[in-house]
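Okay, here's what each chain looks like letter by letter:
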Amino acid sequence: MTPRIAMSLTEAQLAEHVARQLNNLVPDPTPVTADDLRPALPEALARLEHCFGHVDNKYFFDGSSAVFSHLHGDQWAMWLYLLSNTLFRQGAGADLCSKLFLLNKALHGCDIFYEVALPSVFLLVHPLGTVLGRGEYSDFFVSYQRVGVGSNHDVYPRFGSHVTLRPGASVLGSSCVGDLCQVAADTLVIDRDIADNTTIMGRPGSYRNRANPSPYPLWR
């Protein structure tokens, strides 16, 4: 089924545009063609439609369909992740997936490896300097700029649904962040469990908590 998305480019133009970006970034002896990308487009766009359709913002959902512009930076960062991850799931070669990963880093300073399994509904908000590692993510996950999700002694965090990581927040190690939680700006959580409906602020040894009863306001 063709996804219902109001797009700034057609599928053919989208494939050509991504291929040109990749080849400008990595002009190696094995250039990427639009045909290399086309097998993943229907699935990647269906995933994008599902994700964007949950965002209560006119630039993502216009009231009747998802909206996708190649000139919207946050959307393009999300698209490059979805395309790279879809290609990986379909068995595409590591070089192609790696080029898409590197393109996202080059354009947005956004480090989300193509093997990382983000949830079906997530939102990147100005994700400059953000690193999302191999944690276990749940739907309605929001990540701002300078966010870090990573390991401690090769153990990664787990996130419940409706989790928001504010600018500069880091969650590391064997942390389990519950449902309807926010990690405040510049907060470091390491090897710590966070109860449901909690906003946590601070750093190890000086945490403060407060109730967080409502979902993030940008979800439909």
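Structure: above.
This report concerns the structure included in the present document. These numbers come from a predicted model, not from an experiment. (Residues numbered from 1 in each chain as written. Predicted model: local features only at pLDDT ≥ 70, side-chain atom pairs only at ≥ 80, totals over all residues. Heavy atoms only, no water.)

**Thoughts on helix H5 (residues 94-108)**
Now for step 1: With 15 residues, H5 extends 21 Å from end C-alpha to end C-alpha; this agrees with the ideal 21 Å at 1.5 Å per step.
Now for step 2: Within H5 the residues assigned to the buried category are Leu96, Cys97, Lys99, Leu100, Phe101, Leu103, Asn104 and His108.
Now for step 3: Buried residues along H5 sit in contact with helix H1 (11-25), helix H2 (34-37) and helix H4 (73-89).
Now for step 4: At the exit of H5 stands glycine 109, carrying a positive phi of roughly 60°. (Helix = DSSP H or I, 4+ residues; strand = E, 2+ residues; numbered from the N terminus. Expected span 1.5 Å × (residues − 1). Buried < 20%, exposed > 50% of the residue type's maximum accessible area, 1.4 Å probe, protein only. Contact = heavy atoms within 4.5 Å.)

**As for the packing of H1 against H5**
Now for step 1: H5 packs onto H1 with a crossing angle of 80° between their chain directions and a minimal axis gap of 10 Å. Relative to H5, H1 is oriented roughly perpendicular. Seen from H1, the contacting residues are Val18, Gln21, Leu22 and Leu25; seen from H5, they are Leu96, Lys99, Leu100, Leu102, Leu103, Ala106 and Leu107.
Now for step 2: Across the contact of H1 with H5, the residue classes break down as nine nonpolar, one polar and one charged. (Axes fitted to C-alpha atoms, helices over the stretch in contact; angles between N-to-C directions. Parallel < 35°, antiparallel > 145°, perpendicular 65-115°, else oblique. Nonpolar A, V, L, I, M, F, W, Y, C, P; charged D, E, K, R; others polar.)

**Describing the pairing of strand S15 (residues 208-211)**
Now for step 1: In this sheet, S15 lies alongside strand S14 (residues 198-201) in antiparallel orientation, the contact comprising four bridges. Note on S15: the bridge partner recorded for methionine 201 is arginine 208.
Now for step 2: Hairpin connection, S14 to S15: the antiparallel pair is bridged by six residues, and glycine 202 has positive phi, about 110°. (Pairing = 2+ DSSP bridges.)

**Focus: the environment of valine 131**
Now for step 1: Mapped onto the elements, valine 131 comes out in strand S4 (residues 131-132).
Now for step 2: For valine 131, a relative accessible area of 37% translates into the label partly exposed.
Now for step 3: As a C-alpha pair, valine 131 and cysteine 176 span 45 residues in sequence and 18 Å in three-dimensional space.
Now for step 4: Look past the residues within four positions of valine 131 in its chain and what remains in contact with it is Asp111, Val147, Gly148 and Val149.

**Notes on the sheet that holds strand S9 (residues 170-172)**
Now for step 1: Taken in spatial order, the four strands of this open sheet run S4-S6-S9-S12, and their pairing is parallel. Two strands lie at the open edges of the sheet, namely S4 and strand S12 (188-190), each paired on one side alone.

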